[in-house]
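Remarks on the overall topology
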6 protein chains.
Amino acid sequence: MRVLLINPNTSEAFTSKIQQIAEKYALPGTQVRTVNPKSGPRSIEGVYDELLSSVPTLEVALADMDCDALVVACYSDHPTIYALREITDKPVLGIAEASMHVACMVGNRFSIVTTNKEWEPLLRDAVRRYGMIERCSSVRSTGMPVLALESASQEDVYRAILSASRQAIETDAAEVICLGCAGMAGLDKRLEAELHIPVVDGVVAALKLLEALGGYGLKTSKLLTYARPKWKTLANLPQRLEQAYDPSSIPGKDAR
Amino acid sequence: MRVLLINPNTSEAFTSKIQQIAEKYALPGTQVRTVNPKSGPRSIEGVYDELLSSVPTLEVALADMDCDALVVACYSDHPTIYALREITDKPVLGIAEASMHVACMVGNRFSIVTTNKEWEPLLRDAVRRYGMIERCSSVRSTGMPVLALESASQEDVYRAILSASRQAIETDAAEVICLGCAGMAGLDKRLEAELHIPVVDGVVAALKLLEALGGYGLKTSKLLTYARPKWKTLANLPQRLEQAYDPSSIPGKDAR
Amino acid sequence: MRVLLINPNTSEAFTSKIQQIAEKYALPGTQVRTVNPKSGPRSIEGVYDELLSSVPTLEVALADMDCDALVVACYSDHPTIYALREITDKPVLGIAEASMHVACMVGNRFSIVTTNKEWEPLLRDAVRRYGMIERCSSVRSTGMPVLALESASQEDVYRAILSASRQAIETDAAEVICLGCAGMAGLDKRLEAELHIPVVDGVVAALKLLEALGGYGLKTSKLLTYARPKWKTLANLPQRLEQAYDPSSIPGKDAR
Amino acid sequence: MRVLLINPNTSEAFTSKIQQIAEKYALPGTQVRTVNPKSGPRSIEGVYDELLSSVPTLEVALADMDCDALVVACYSDHPTIYALREITDKPVLGIAEASMHVACMVGNRFSIVTTNKEWEPLLRDAVRRYGMIERCSSVRSTGMPVLALESASQEDVYRAILSASRQAIETDAAEVICLGCAGMAGLDKRLEAELHIPVVDGVVAALKLLEALGGYGLKTSKLLTYARPKWKTLANLPQRLEQAYDPSSIPGKDAR
Amino acid sequence: MRVLLINPNTSEAFTSKIQQIAEKYALPGTQVRTVNPKSGPRSIEGVYDELLSSVPTLEVALADMDCDALVVACYSDHPTIYALREITDKPVLGIAEASMHVACMVGNRFSIVTTNKEWEPLLRDAVRRYGMIERCSSVRSTGMPVLALESASQEDVYRAILSASRQAIETDAAEVICLGCAGMAGLDKRLEAELHIPVVDGVVAALKLLEALGGYGLKTSKLLTYARPKWKTLANLPQRLEQAYDPSSIPGKDAR
Amino acid sequence: MRVLLINPNTSEAFTSKIQQIAEKYALPGTQVRTVNPKSGPRSIEGVYDELLSSVPTLEVALADMDCDALVVACYSDHPTIYALREITDKPVLGIAEASMHVACMVGNRFSIVTTNKEWEPLLRDAVRRYGMIERCSSVRSTGMPVLALESASQEDVYRAILSASRQAIETDAAEVICLGCAGMAGLDKRLEAELHIPVVDGVVAALKLLEALGGYGLKTSKLLTYARPKWKTLANLPQRLEQAYDPSSIPGKDAR
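Treat the numbers as computed from the prediction; the structure is a model and nothing was measured.

A word on the overall build of chain A. Across its full length, chain A carries nine helices and ten strands. By the compact-globule yardstick of 18 Å for 256 residues, chain A fits well, its C-alpha radius of gyration being 18 Å. For chain A, the spread of C-alpha atoms along the principal axes amounts to about 55 × 35 × 35 Å. Scored against the burial criterion, the 256 residues of chain A give a buried share of 72%. Restricting to contacts in chain A with at least 6 residues of sequence separation, those with at least 24 account for 72%. A total accessible area of about 7,400 Å² is found for chain A, and carbon and sulfur atoms account for 50% of it. Of note, chain A has its 28 positive side-chain charges centred 4 Å away from the centre of its 31 negative side-chain charges.

Before going further, it helps to examine the interface of chain A and chain F. Residue-level contacts link 49 residues of chain A with 49 residues of chain F. Summed over both partners, the interface of chain A with chain F comes to about 4,000 Å²; 63% of that surface belongs to carbon and sulfur atoms. Interface area lost by chain A to chain F is led by Met105(A), Val106(A) and Tyr216(A), which between them contribute 19%. Our count for the contact surface shared by chain A and chain F stands at 19 residue pairs in polar contact (both at pLDDT 80 or more). Mapped by element, the contributors of at least two residues to the side of chain A that touches chain F are β5 (92-94), α4 (95-106), α5 (119-130), α8 (188-195), β9 (199-201) and α9 (202-216) of chain A.

Here the focus is the pattern of salt bridges. Across all of its chains, the model carries 110 salt bridges over all chains by this definition. Note that Glu97(D) and Arg85(D) form a salt bridge whose closest N and O atoms lie 2.8 Å from each other. Of this pair, Glu97(D) sits in helix α4 (residues 95-106) while Arg85(D) is found in helix α3 (residues 80-87), placing the two residues twelve residues apart along the sequence. Each member of the pair Glu97(D) and Arg85(D) is classed as buried. Here Arg140(E) and Asp172(E) are joined by a salt bridge, their closest N and O atoms 2.7 Å apart. A residue pair is termed long-range when its members are at least 10 positions apart, and Arg140(E) in strand β7 (residues 136-141) and Asp172(E) in helix α7 (residues 154-172) qualify at 32 residues.

On the side of chain D, 46 residues touch chain C, which itself brings 47 residues to the contact. Buried area between chain C and chain D, both sides added, is near 3,800 Å², and the carbon and sulfur share of it is 63%. The largest per-residue losses of area from chain C upon contact with chain D belong to Tyr48(C), Leu51(C) and Lys232(C), which jointly make up 19% of the total buried on that side. If you look at where chain C meets chain D, you find six salt bridges. For Glu118(C), the salt bridge is made with Lys230(D), and the minimal N-O distance between the two is 3.7 Å. On inspection of chain C and its partner chain D, the count reaches 19 residue pairs in polar contact (both at pLDDT 80 or more). The set of elements that each furnish at least two residues to the side of chain C that touches chain D consists of β3 (40-41), α2 (47-63), α3 (80-87), α5 (119-130) and β10 (234-235) of chain C. Here the element with the most residues in the side of chain C that touches chain D is α2(C); it accounts for nine residues. Here the side of chain C that touches chain D is composed, by residue class, of 23 nonpolar, twelve polar and twelve charged. As paired elements, β3(C) and strand β10 (residues 234-235) of chain D share two bridges and run antiparallel to each other. Bridge pairing in β10(D) links Pro41(C) to Leu234(D).

Mapping chain C onto chain D is achieved by rotating through 180° and translating by 0.0 Å along the same axis, at an RMSD of 0.0 Å. Within this description, the copies of the chain are treated as partners about a two-fold rotation axis. Both copies present the same face, since 98% of the interface residues in chain C are matched by interface residues at the equivalent positions in chain D.

We now examine the relation of the copies chain A and chain F. Superposition of chain A onto chain F requires a rotation of 180° combined with a translation of 0.0 Å along the rotation axis, giving an RMSD of 0.0 Å. In this assembly, 100% of the residues forming the interface of chain A have copies in chain F that are likewise at the interface, indicating an isologous arrangement.

Strand-to-strand pairing in sheets goes through backbone hydrogen bonds, with the strands running parallel or antiparallel. All names here are of chain E. Pairing is parallel across the open sheet formed by four strands, whose spatial order is β7-β6-β8-β9. Taken across any chain shown, the strands that pair with only one partner, and hence form the sheet edges, are β7 and β9 (199-201). Between one strand and the next, the sheet's axes are offset by a mean angle of 20°, whatever the strand orientation. Across three bridges, the pairing between strand β8 (residues 176-179) and β9 is parallel. The residue bridging Leu 179 from the neighbouring strand is Asp 201, located in β9. In the packing of α7 onto the sheet, contacts are made with β6 (110-114), β7 and β8, and the angle to β7 comes to roughly 150°.

Here we take up the sheet that holds strand β2 (residues 31-35) of chain C. Residue and element names in this part refer to chain C. Across the sheet, which stays open at both edges, the four strands sit in the order β2-β1-β4-β5 with parallel pairing between neighbours. Here the strands that pair on one side only, and so sit at the sheet edges, are β2 and β5 (92-94). Between one strand axis and the next, the sheet turns by 20° as a mean value, whatever way the strands run. Sheet topology places strand β1 (residues 2-6) next to strand β4 (residues 69-72); four bridges connect them, and they run parallel. What sits directly across from Leu 5, in β4, is Val 71. α2 rests against β1, β2 and β4 of the sheet, and its axis sits at about 160° to β1.

So, on to the arrangement of the chains. What separates chain A from chain D at the closest point of their C-alpha atoms is a distance of 15 Å, and the two make no contact. Spatially, chain C is disjoint from chain F: no contact exists, and the shortest C-alpha separation is 15 Å.

Here we take up the environment of Ile177(C). Residues and elements named next belong to chain C. Within the fold, Ile 177 resides in strand β8 (residues 176-179). Under the relative-accessibility criterion, Ile 177 is labelled buried at 0%. In sequence terms Ile 177 and Leu 70 are 107 residues apart; their C-alpha atoms lie 24 Å from each other. Excluding residues within four positions of it along the chain, Ile 177 makes contact with Ser 111, Val 113, Ser 165, Ala 168, Leu 195, Ile 197, Pro 198, Val 199 and Val 200.

This next bit is on the confidence of the model for chain A. Looking at chain A as a whole, its pLDDT mean stands at 95, while 98% of the residues score no less than 70. Quick note on the complex model: pTM equals 0.97, ipTM equals 0.97.

Packed helix pairs are specified by the crossing angle of their axes together with the interaxial distance, meaning the distance between the axes. Residues and elements named next belong to chain B. One can describe the packing of helix α2 (residues 47-63) onto helix α3 (residues 79-87) by two numbers: an axis separation of 9 Å at closest approach and a directional angle of 30°. One way to sum up the angle between α2 and α3 is to call them roughly parallel. In this structure, α2 meets α3 at a crossing whose hand is right-handed. Together, Glu 50, Leu 51, Ser 54, Thr 57, Leu 58, Ala 61 and Leu 62 of α2 and Pro 79, Thr 80, Ala 83, Leu 84 and Ile 87 of α3 make up the contact between the two elements. Grouping the amino acids of the contact of α2 with α3 by side-chain chemistry returns eight nonpolar, three polar and one charged.

What follows covers the packing of helix α7 (residues 154-172) of chain D against helix α8 (residues 188-195) of chain D. Residues and elements named next belong to chain D. For the pair α7 and α8, interaxial distance at closest approach is 11 Å and the crossing angle is 45°. Judged by the angle between their axes, α7 and α8 are oblique. Pair α7 / α8 crosses with right-handed handedness. Of the residues in α8, those in contact with Glu 155, Tyr 158, Arg 159, Ile 161, Leu 162, Ser 165, Arg 166 and Ile 169 of α7 are Arg 190, Leu 191, Glu 194 and Leu 195.

Take the packing of aromatic side chains next. Per the stated rule, a full pass over the model turns up twelve aromatic pairs over all chains. Seen in terms of ring centroids, Tyr216(A) and Tyr25(F) are 5.3 Å apart; in terms of plane orientation they differ by 75°. Their pairing is edge-to-face. One end of the pair, Tyr216(A), is in helix α9; the other, Tyr25(F), is in helix α1 (residues 12-25), on a second chain. The same class applies to Tyr216(A) and to Tyr25(F), which are both buried. Directly above the ring of Tyr158(C) sits Arg190(C), whose terminal nitrogen or CZ lies 3.6 Å from the centroid.

The next point concerns the side chain of Thr10(A). For Thr10(A), the location among the structural elements is in the loop between β1 (2-6) and α1 (12-25). The contact partners of Thr10(A), leaving out residues within four places of it in the chain, are Asn36(A), Pro37(A), Lys38(A), Ser39(A), Gly40(A), Pro41(A), Arg42(A) and Ala235(B).

Here we come to unusual backbone geometry. Its identity is not glycine, yet Leu224(C) carries a phi of approximately 65°, on the positive side. Looking at where Leu224(C) falls in the secondary structure, it is placed in the loop between α9 (202-216) and β10.

Position of Glu86(A) relative to the elements: it lies in helix α3 (residues 80-87). For Glu86(A), a relative accessible area of 3% puts it in the buried group. Separated by 80 residues in the primary sequence, Glu86(A) and Arg166(A) have C-alpha atoms spaced 39 Å apart. Not counting chain neighbours up to four residues away, the residues in contact with Glu86(A) comprise Lys222(A), Thr225(A), Tyr226(A), Ala227(A), Arg228(A), Pro229(A), Gly46(B), Val47(B) and Tyr48(B).

Criteria and thresholds
- Residues numbered from 1 in each chain as written.
- Chains lettered and ligands numbered in written order.
- Predicted model: local features only at pLDDT ≥ 70, side-chain atom pairs only at ≥ 80, totals over all residues.
- Heavy atoms only, no water.
- Helix = DSSP H or I, 4+ residues; strand = E, 2+ residues; numbered from the N terminus.
- Rg over C-alpha atoms; globule rule 2.2 N^0.38 Å.
- Buried < 20%, exposed > 50% of the residue type's maximum accessible area, 1.4 Å probe, protein only.
- Contact = heavy atoms within 4.5 Å.
- Areas by Shrake-Rupley, 256 points an atom, 1.4 Å probe, with all protein chains shown as cover.
- Lys, Arg positive; Asp, Glu negative; His and termini not counted.
- Charge placed at Lys NZ, Arg CZ, Asp CG, Glu CD.
- Buried area = accessible area lost by both parts, 1.4 Å probe.
- Polar contact = N/O pair within 3.5 Å; in protein donor to acceptor, adjacent residues only side chain to side chain.
- Salt bridge = Lys/Arg side-chain N within 4 Å of Asp/Glu carboxyl O.
- Nonpolar A, V, L, I, M, F, W, Y, C, P; charged D, E, K, R; others polar.
- Pairing = 2+ DSSP bridges.
- Least-squares fit on C-alpha atoms with pLDDT ≥ 70 in both.
- Axes fitted to C-alpha atoms, helices over the stretch in contact; angles between N-to-C directions.
- pLDDT = per-residue confidence, 0-100.
- Parallel < 35°, antiparallel > 145°, perpendicular 65-115°, else oblique.
- Left-handed = near helix turned anticlockwise from the far one by under 90°.
- Phe/Tyr/Trp six-rings, centres within 6.5 Å; stacked < 30°, edge-to-face > 60°.
- Lys NZ or Arg CZ within 6 Å of the ring centre and 35° of its normal.

The following block contains the structure:
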């Protein structure tokens, strides 16, 4: 099974961290490949950044469709998740929703610990959209912006997440912690050892869930919500984007 | 007051229809200006199309920021609405949410009548996101795709909407009908005369609500959800898009 | 356009304040007229007071139906709003719901700051009824009863509202503040300048929204919820109240 | 224990029917007394009628406060229920909410069968307000207006309710039927025998629940929502209504 | 009327306390009988304990079916409540749901005060299941485990409940307190006198509500959710349990 | 990794079918072992049956705790799932919740197709409890009871499920079908080929999700909801059940 992980920002440091972690957890038969677009924002901290990253991310995906499943490795309700589900029936997961599904399997209520405060309402709205608001004890932030995860000392980052997690446990009755940024990848097991409750990294969660779907042979439903987009004229956009309207151009596509 | 209406698809026929209707309903002191991007899809029928239209729509908006309020004239939860709210404090409304607010003021429960069936779950999710699901009696579709609104006989389009509206009234207890596509603009008053309940066109709704906000002097809150995006490196994207990170580049901007 | 604002309590000081503010924000073509009943309670602080004010308010409205739209200027889910929608198809708005619609257009989540603590559950239930509970960050009170807004020093009133608003922002993540009492009218712009987020006065919100509905030519749906009341014997009640059962007696009424 | 049942409309036929049924089900130690106002509407079919009946109903209640518990015998979310809870700590129940509580004790989901179609949205909103929407399978109407319950043949009324109940069972999966009008009182046991599921009359439900509360010695909480109304000037209203602001004037009142 | 109260744990001290309280509040015509299984756990503090107590509780009930109504006297969503509703049409109430219904009749929002912290999420989920989450201000715990209610000084138990109740009132805006453990029975009136708001003991609530249902002649609906279990082979289980599949074996059973 | 699948009914035919399917989908490194209790009901068709099967199921589990993860192979919200989570930190999944998580990953809204009509409200309540009601388009039943899945011709069973699934697709807008009974295992891929949307068997879903959790090294949170049960006297119950109170007796247990 070949899983394509797409980091939708242009930070190659993040990309290689994600690749490393995915390799560590992949099954023997799983090939993981992490890519990022060459154009777009260096980090994603809101909807404007999401939109700047969307077409570059779609182009990267369309160029690399010879895979069996896709991960959008941004901890948000990134709209590219839905667009990818429209253009392929290969399973697609975002790391935020993946982490929440996993959290609901190992605890009753989970909290998300994210970076800057502005993500709190965005992630709360994502939880509601996924229909899991009753299972979410809180969304908390460390106050450290995304790119600080690269520049700050790893120890400081760890302490900030630990402290927000403790508040989630003590004040909000969290039973599981979801790490609310792809850049927090790799800290899960250390936090788990200290907090004594499960800590979920969305990158690993998405990879393992896609392996599960792959092992079962399930594909995205093409009825209604994720129906293939219908052909239409595209003006002044890269040629490759028309490929999405033509199922035969996507490798391994079934005929539906 | 200057209101900029952005048709995010490339159909100039739609653009001029929207301009015509906006002019008809604008207050004497309101200048309306409707634009559309030169690149992107000819119509928007799902999330993939939304994303292809997003950056071109943002570029058009950034080029024309010398206005007081903005309308995103696509009947959906188009992500550009949120991105625009991040980059400016001028009020921004999508025509879907505008029509729903207006519908709630003139009736208890409203139904949306849209084009093709695939829009039903997307619009239902939008209603939930706006928090108005308890006020929504149903989302129904005519089965006619967006572009058929250009090509089909106006009489056929009218009959299809009338028939779906009657089902919404009789089966779902709708008290108000929202026209679920910008391309249906101009049919509201004829439908109203035949259905004997209010029929809301989102383009007019958005224009009138923005005039109301403008008359009150209200601007978008920049706290939390719609905080201005923080500066970051953009790789290989049009220069103009960096403008969003720099408040001073946006005319009439306050300093927050 | 003629907008009738009804202050349902008997405080003429409140009435003239409302008239003043409405005049300030009305469009050139809008005539505003504020009235209050001659009988009933001096202030409205719960459901008992609401009910004492209801028939006097309806009588005042029925005596003054030669208008195009009506505002019920009490910050509550005052039942007279619904009764008026039954007896006329002229648009009717309460100032509480008007402020919430406006708040949702300029921010993601709003808090209401009201007078005495007893209003908190009543307003929370109103928010739920309007279907906007997911958009409401909190309802907070200043502890000052309604009539204190007349007698207390304006500075003290201002400070109390400012302080409750700050708690809503810091503790509840409010992005917009709604002023939860008609008697707070006139403080919005000063608070806005100090809080740096939008502050919404329901009187202005209702007036501007009704101008928007009027400009669009929309009337209240008479299907189902707001159907005209059917004729029945009224025993020992003022003659004028029978008028509500007779559409022809209401000026400017359409024939539905 | 003395239970005061108030029929808020002026139909003495309804009043004596309610008295009859209450007597039939009252415990040996319970004295029931049914009254109706001398002024107000002959039947209640919407919010306008509710408001016309409110002050007369409150006056009747205040004149007869020498009781232990009160029933508002109108199948709706009649605002007088809340006003009475404010002015006394004697338990007060409306017959709609009483029937729903009882229905939830003898089945998982209940349907309400009411009179004319306009009651459907009003009762649905009442169910939501009481927080029982998840337990309500549907609200259906017979199409017969309230007063037809007096004039139509009892057999026709029975058949209409039976038919709507069967639809609720077959189409909506109702497990219990609530009779949605005080005027349907007396038909419950015959319907139950034919439908083979519990049928709940709100008058009996309210009476029996108040006996239960009385037997336990519980009174309405005066904290927050139902706090006693604070004294204020009443202009041109019957003297008796001031009594509500003065706890000492209400017999058997505790000092809170 | 004969009411069977089943204490599903094996503590005879609890059983006799429940009997005492039930006798105190029973109507003259009501015979109460409290039993507990001879096998199973000494106290119930989670789902594992609930399941250990289930079959012994069902056996006790089946041995004593010559009654008119049943109470499951464990403050939880004990699954035996549902199993009993399946095997008989005699009304069955758990003390948790009974207390919540009663609380909703005497206040707008209630808090539950329970024993150890682990009950908080279990009871919150029960409230959601009953559909009353909008009416529940909070679930709080004293930190004292169930059996401490036997061993600790009554004064300490009282103080702990009083303190948690005060927090519920001040922080969560509770208007009514539900005592969240059968072992707290008997403390309600003393707490009520000190807190000045209603305090509800589920044992009394369930008894009085069943008397109300009995007085009305209502039985559990056998349609859908609580349909009688269909006959099937039971391997290696006590003979008596087969009785549940055979309506004729249950005294006083109707033929449905 | 060793996964223990427990069929909680006594049908060995079902048990060996489950084993067969689990073997087919297990990863090379996964050992699956399916067991069923020797005592209890032959099939599970409601809460009474669930409770009869609970202690026997727990005993089987406690006897076989030398595994890494557990499946409760009954398509319901079987309370044993929660009891097992309390007594071990090995991940535990029920097949109903597993199928719903998987369905949400491959489509927007899913329908459940179950056996007899009585399961409809029980499964609807389970969906609500899991917090996924917004993602569930409907619960439908074939009308064939569980044991008919053994006795009826496979072709008839297949046709009945196919027909109910088609109704879910056409009437309820289902995008994914969940097979609502363990006895339907093995029909998924044939249905998928005919319906052209994903069809999810809960047994496979649970197995693959547990492999995913195992591969990530996640265990059940022991904080709050699934805290280990505290020691207490068990009267007249099999000795083995005390083991649950003693972590050291459970193989591979961590020390929390």
